[in-house]
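Structural characterization, general
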Amino acid sequence: MPAAIAQGHVQHAGPEGAGIRGRRLRWLLGLAMLALVQAACNRATGPADAAAGPVPASMAASPDELRAITREAYIYGFPMVDSYRIQHSYFVDTANPEYKGSWNQVHNVARVFTPQDKAIQTPNSDTPYSFLGADLRAEPLVISVPAMDPARYYSLQFIDMYTHNFAYVGSRATGNDAGHFLLAGPGWDGEVPKGIKSVIRSETELAFVLYRTQLFGEDDIDAVKQVQAGYRVQPLSQFAAAAAPEPLRPVDFPVPLSPEAQKTSPEFFALLNFLLQYAPTHPSETALMERFAKAGIGAGKTFDVAALSPEQRQAVEAGMADALAAFAQYKAGMIDTGKKSSADGFGTREFLDNDYLARMASALLGIYGNSKEEANYPAYFVDSEGKPLDGANNRYTVHFEPGKLPPVNSFWSLTMYELPASLLTENPINRYLINSPMEKSLVRDPDGGITLYIQHESPGEGKEANWLPAPASPFFMVMREYWPKPEALDGSWKAPPAVRTAE
């Protein structure tokens, strides 16, 4: 296993001028009593205190138990490990083409995503993104947003390490006025300064804030840049003109697994152990963590893959395969049939209610999706006959009846993704979606409805305005309904099916 994981080290690429409150300093003084305060110390200084050393793995489980536990732990931990892969590429690995910059700073991308953006699966291509990797171990951050045009949709999605959407700032949640918001980690209990609209609390010490700013069209990009320039982040001590805490000890992040290796490598659990050190155990998961501990899985534990016997390794790999089989069954039985939307796996801890399989499925299909009330996501994996979508030999239409476009307070879009990568797909007209701002340019049917043409080759002159190019291979599509109206959520409006047409 990677030495960095075995030793519990974390590489921190963000600012290191942040510090530790008095209470946390007292924890550090107790390092000599490590057996009593290991968990608290890990949360206070990060899991990488070299003096503490690794916690020996306890592989008390029999092979059958190990298979069952690793199945459960994989379902539980997949969103965490995959999210770490993305955030490592954004905020840690300076050599990665996806690198955005340091932690605790806003990084703006003043364009929509294209097929060249490969770190995050199923990205939207409607709203230029801004990114904030938040390290809350030392002190809170103050996040500031500018006043903006009431017609422009924007949102800040607050995501913890579990991938719970624990808060929102933006058009729907807080309006389009300017404001300052305080983002605090689980251990902070300080004074809130004047000028703060509200306090937002993360239950994990690292968090991710994903900004979306609506782009009205190609000629609107300068206005979007102006909005993005008004997004500010600063440590609480700087905002309050107070003394900064003492600096934290530098730490080392382990190298993540690739998307492919995450599905097969037992090193997955070493990474999960590493991440759990930043995520204090929720009371509802105490028994779960006790069960995981039998397989050497838990905060600060060492999951030593090299020390596994052949029988143990076989059990671990079988458990991972069982988890992926459970996902496939859930997708086929619940999502492909429309019984559940992928959005059913995004939301607060309370909304998800520890439905780990739903959370895993949504992470696999499109990590960092919004909560339903912010954006609903009807997905197209199969056609009207229940057959998988494939652009190699098939053509499809999606028909909106007159007056039956997606009911939204903001805007809607239909975006194409190639499989198995779940990424935007190259095409000759560089069109990755059809959305609300394009409605005026779409050709109407004789009855006033709109028919979209979903196929690999051009549908011909007169129809190209309504063409959403598909790859000559399997694909799926996602409809996004930003700030959906009640009828989009209660089932009284349903997304029209993709209908396979004659050759």
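Residue numbers here run from 1 along each chain, matching the order of that chain's written sequence. Predicted model: local features are reported for residues with pLDDT of at least 70 only, side-chain atom pairs are reported and counted for 80 or more only, and whole-chain, interface and lining totals are derived from all residues. Excluded from the side-chain calculation are hydrogens and water; included are all heavy atoms of the structure.

Before going further, it helps to examine the overall build of the protein. Each helix is a run of DSSP H or I of at least 4 residues and each strand a run of E of at least 2, with the numbering of both proceeding from the N terminus. Check the secondary structure of the protein and you find 12 helices and 18 strands. Looking at the protein residue by residue over its 503 residues, the buried ones come to 56%. Contact definition: two residues touch when any of their heavy atoms are within 4.5 Å. Once local pairs closer than 6 in sequence are excluded, the contacts in the protein between residues at least 24 apart make up 74%. Each accessible area value is a Shrake-Rupley result obtained with a 1.4 Å probe; residue values ignore everything except the protein chains displayed when judging cover. As presented, the protein carries roughly 20,400 Å² of accessible surface, and 52% of it is formed by carbon and sulfur atoms. Burial classes follow relative accessibility: with a 1.4 Å probe on protein chains only, a residue under 20% of its type's maximum area counts as buried, one over 50% as exposed, and anything between as partly exposed.

This part is about the environment of Gly175. Note on placement: Gly175 falls in the loop between strand E5 (165–170) and strand E6 (179–184). Non-local contacts of Gly175, meaning those with residues more than four positions away in its chain, are made with Tyr154 and Gly170.

Before going further, it helps to examine the pattern of salt bridges. Basic side-chain nitrogens of Lys or Arg form a salt bridge, by our definition, when they fall within 4 Å of a carboxyl oxygen of Asp or Glu. Tallied over the entire structure, the rule returns 19 salt bridges. The salt bridge involving Arg152 is made with Asp220; its shortest N-O contact spans 2.7 Å. In this pair, Arg152 is assigned in the loop between strand E3 (141–145) and strand E4 (154–160) and Asp220 in the loop between strand E8 (206–213) and helix H5 (221–229), connecting sequence segments 68 residues apart. An identical accessibility class is assigned to Arg152 and Asp220; each is buried. For Asp355, the salt bridge identified is with Lys340, shortest N-O distance 3.7 Å.

Right, let's get into the confidence of the model for the protein. Where the model shows low pLDDT, its predicted coordinates should not be examined in detail. Across the chain, each position has a pLDDT score giving the predictor's confidence in that residue, from 0 to 100. On average, residues of the protein score 88 in pLDDT, and 88% of them reach the 70 mark or higher. Between residues 1–57, whose pLDDT stays under 50, and residues either more than four places distant or in other chains, the model counts 124 contacts.

Nonpolar side chains tend to gather and get buried jointly when the protein is soluble and globular. In this description, a nonpolar core means a group of buried Ala, Val, Leu, Ile, Met, Phe, Trp, Tyr and Cys residues linked to one another through side-chain atoms lying within 4.5 Å. One finds Tyr76, Met80, Tyr90, Phe131, Phe268 and Phe269 to be the most contacted residues of the largest nonpolar core, which totals 79 residues. Put simply, the parts of the chain that give this core at least two residues each are helix H4 (63–91), strand E2 (129–135), E8, helix H7 (267–276), helix H8 (286–293), helix H9 (310–335), helix H11 (356–366) and strand E17 (475–482). Looking at this core, the element that brings in the most residues is H4, giving 13 residues. Met80 has contacts with Met161, Tyr162, Leu272, Leu275, Leu276 and Ala279, leaving out every residue within four places of it along the chain.

For strand E13 (residues 412–418), the tally of buried residues reaches 6 of 7 residues, placing the bulk of the element in the interior. For two strands to be treated as a pair, DSSP must find at least two bridges joining them. Across 3 bridges, E13 lies against strand E14 (residues 433–435) in antiparallel orientation. Its bridge partner being in E14, Thr415 is matched across the sheet by Leu433.

Below, the discussion takes up the packing of H9 against H11. Here H9 crosses H11 at 85 degrees, and the two axes come no closer than 10 Å. The orientation of H9 relative to H11 falls into the category roughly perpendicular. Contact residues: Ala323, Leu324, Ala326, Phe327, Tyr330, Lys331 and Ile335 in H9; Leu357, Ala358, Met360, Ala361, Leu364 and Leu365 in H11. Amino acids are sorted into nonpolar (Ala, Val, Leu, Ile, Met, Phe, Trp, Tyr, Cys and Pro), charged (Asp, Glu, Lys and Arg) and polar (every other residue, Gly among them). Classifying every residue of the contact of H9 with H11 gives 12 nonpolar, no polar and 1 charged. Here, axes are lines fitted to C-alpha atoms. For helices the fit covers the stretch in contact, and angles between N-to-C directions go from 0 to 180 degrees. To sort the angles, those under 35 degrees are grouped as roughly parallel, those over 145 as roughly antiparallel, those from 65 to 115 as roughly perpendicular, and the leftovers as oblique.

Topologically, Thr415 is positioned in strand E13. A residue is classified by how much of its surface remains accessible, and Thr415, at 0% relative accessible area, is buried. If sequence neighbours within four positions are ignored, Thr415 has contacts with Leu424, Tyr432, Leu433, Phe476, Met477, Val478 and Arg480.

We now examine the packing of H4 against H11. If you want to describe how two helices pack, look at the angle between their axes and the distance between the axes. Running from N to C, H4 and H11 point in directions that differ by 35 degrees, and their axes come no closer than 8 Å. Crossing of H4 against H11: the hand is left-handed. In contact with Tyr74, Ile75, Tyr76, Phe78, Pro79 and Asp82 of H4, H11 contributes Tyr356, Leu357, Arg359, Met360, Ala363 and Leu364. Here the residues of the contact of H4 with H11 sort into 10 nonpolar, no polar and 2 charged. Two helices that cross are described as forming a left-handed crossing if the nearer one is turned anticlockwise from the farther one by less than a right angle, and a right-handed crossing if clockwise.

Residues spaced three or four apart along an α-helix face the same direction, because each turn holds 3.6 residues. Burial of H11 is extensive: 10 of the 11 residues sit out of reach of the surface. Among the residues of H11, those classed as buried are Tyr356, Ala358, Arg359, Met360, Ala361, Ser362, Ala363, Leu364, Leu365 and Gly366. Lining the buried residues of H11 we find H4, H8, H9, helix H10 (349–352) and E17.

Turning to the sheet that holds strand E7 (residues 198–201), a few remarks are in order. In space, the 4 strands of this open sheet follow the order E7-E6-E3-E9, with mixed pairing throughout. Because the sheet does not close on itself, it has two edges, and the strands there are E7 and strand E9 (232–235). The mean angle between the axes of side-by-side strands here comes to 25 degrees, regardless of whether they run parallel or antiparallel. Pairing of E3 with E9 involves 4 bridges; the strand directions are antiparallel. Each bridged residue has a counterpart across the sheet, and for Ile143 the counterpart in E9 is Val233.

Time to look at the sheet that holds E2. Spatial strand order, E1-E2-E8-E4-E5: 5 strands in an open sheet with antiparallel pairing. For this open sheet the edge positions go to strand E1 (107–108) and E5, each flanked by a neighbour on one side alone. With 7 bridges joining them, E2 and E8 adopt antiparallel strand pairing. For Gly133, the partnering residue across the bridge sits in E8 and is Phe208.

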